[in-house]
Amino acid sequence: MVVRPSALTAKPAGLGWAEAASIAGAGATAWAGIEAVGPRPGETVVVSAAAGGVGVLAAQLARLRGATVIGTASEDNFGFLRDLGVRPVAYGPGLADRLRAAAPDGIDGYVDTFGAGNVAVALSLGVRPDRINTIADGLAVQRHGVHSAAQEQADDPAIWAALADLVAKGEITVPIAAVYPLDQVRDAYRDLATRHIRGKRVLAVKPLSDFEGDHR
């Protein structure tokens, strides 16, 4: 494979290969969503599917900007989110009421990584369209003019390097749900399709132990 040097960035020694593999996709998507919504210190931001591969990174990036972060998730992931400093709220019917109760002073921004009516919920809570980003509801983008920033808007080695540095320093974490050998790619996609995900699933073209000591 031949790659332009300008399309690459170095992996910090303190960053694992599985985590590094997630940065240009999930990390960049989360970065773009947070940039679009623009959380500020003291604001309250909701991240849907906050335990998922993109949501968990978006939630942490919002916290680094000084925002209070509410993350929608299943109750199985509540403890996991609390450990990351995210306030969990159960998704599903009645979500808008639960978010009102969790943020009585209002919600300033909303990062939707799941779809399923989250943009409608955000609008019903008074969040301005220009403070909403979705990667899962194209119809809402057309109807309401909300943002749809995703990986394409952060497809930049400088951004990957910044994310890698944050992970290597321990300022954010990239939870890895599972690593699959390449010949188990079907199993990986079946698991992904359940949408019951905590963190990222990674395909390894060879055992990750074979990469140890190789920092290219």
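Structure shown above.
Computed from a predicted structure; not experimentally measured. (Residues numbered from 1 in each chain as written. Predicted model: local features only at pLDDT ≥ 70, side-chain atom pairs only at ≥ 80, totals over all residues. Heavy atoms only, no water.)

### Digging into the pairing of strand β3 (residues 87–90)
Thinking step 1. Here four bridges tie strand β2 (residues 68–73) to β3, and the two strands are oriented parallel to one another. Among the inter-strand pairings, Ile70 is bridged to a residue of β3, identified as Arg87.
Thinking step 2. In this fold, β2 hands off to helix α3 (residues 78–83), which returns the chain to β3; that crossover is right-handed. (Pairing = 2+ DSSP bridges. Helix = DSSP H or I, 4+ residues; strand = E, 2+ residues; numbered from the N terminus. Right-handed = clockwise from strand over helix to strand, strands pointing away.)

### Comments concerning the packing of aromatic side chains
Thinking step 1. Taken as a whole and assessed by the stated rule, the structure comprises one aromatic pair.
Thinking step 2. Of note, Lys11 hangs over the ring of Trp17, and the distance from its end group to the ring centre comes to 4.8 Å. (Phe/Tyr/Trp six-rings, centres within 6.5 Å; stacked < 30°, edge-to-face > 60°. Lys NZ or Arg CZ within 6 Å of the ring centre and 35° of its normal.)

### A few points about the packing of helix α1 (residues 17–37) against helix α2 (residues 55–64)
Thinking step 1. Here α1 crosses α2 at 45°, and the two axes come no closer than 8 Å. One element, α1, and the other, α2, form an angle in the oblique class. The two elements α1 and α2 meet at a crossing, and its hand is right-handed. Mapping the contact onto sequence places Ala26, Gly27, Ala30, Trp31 and Ile34 in α1 and Leu57, Ala58, Leu61 and Ala62 in α2.
Thinking step 2. Looking at the contact of α1 with α2 residue by residue, the class counts come to eight nonpolar, one polar and no charged. (Axes fitted to C-alpha atoms, helices over the stretch in contact; angles between N-to-C directions. Parallel < 35°, antiparallel > 145°, perpendicular 65-115°, else oblique. Left-handed = near helix turned anticlockwise from the far one by under 90°. Contact = heavy atoms within 4.5 Å. Nonpolar A, V, L, I, M, F, W, Y, C, P; charged D, E, K, R; others polar.)

### Quick word on the environment of Glu19
Thinking step 1. Mapped onto the secondary structure, Glu19 falls in helix α1.
Thinking step 2. Once residues lying within four places of it in the same chain are set aside, the contact partners of Glu19 are Val174 and Ile176.

### What about the sheet that holds β3?
Paired through backbone hydrogen bonds, the strands of a sheet run either parallel or antiparallel to each other.
Thinking step 1. Spatial ordering of the open sheet is given by β3-β2-β1-β4-β5, a layout of five strands whose pairing is parallel. Each edge of the open sheet is held by one strand with a lone partner, namely β3 and β5 (132–134). Going from strand to strand, the sheet's axes swing by 15° on average, the running direction of each strand aside.
Thinking step 2. Across the sheet, α1 lies against β4 (109–112) and β5, angled at about 155° from β4, the strand it touches most.

### A closer look at the pattern of salt bridges
A side chain of one charge can pair with a side chain of the opposite charge if their charged atoms are brought near each other.
Thinking step 1. Taken as a whole, this structure holds seven salt bridges when the rule is applied.
Thinking step 2. Among the salt bridges present, the one from Arg131 reaches Glu43, with a minimum N-O distance of 2.7 Å. Highlighted residues: Arg131 in the loop between α5 (118–124) and β5 and Glu43 in the loop between α1 and β1 (44–47), separated in sequence by 88 residues. Grouping residues by exposure puts Arg131 and Glu43 together as buried.
Thinking step 3. Residue Lys169 is joined to Asp165 by a salt bridge in which the shortest nitrogen-to-oxygen separation is 3.0 Å.
Thinking step 4. In this structure Lys169 comes out as exposed when scored by relative accessible area, which is 55%.
Thinking step 5. Ionic contacts of the salt-bridge type, sharing partners, join the residues Arg40, Glu43 and Arg131 into one network. (Salt bridge = Lys/Arg side-chain N within 4 Å of Asp/Glu carboxyl O. Buried < 20%, exposed > 50% of the residue type's maximum accessible area, 1.4 Å probe, protein only.)

Geometric descriptors of this kind do not, in isolation, establish any biological role.
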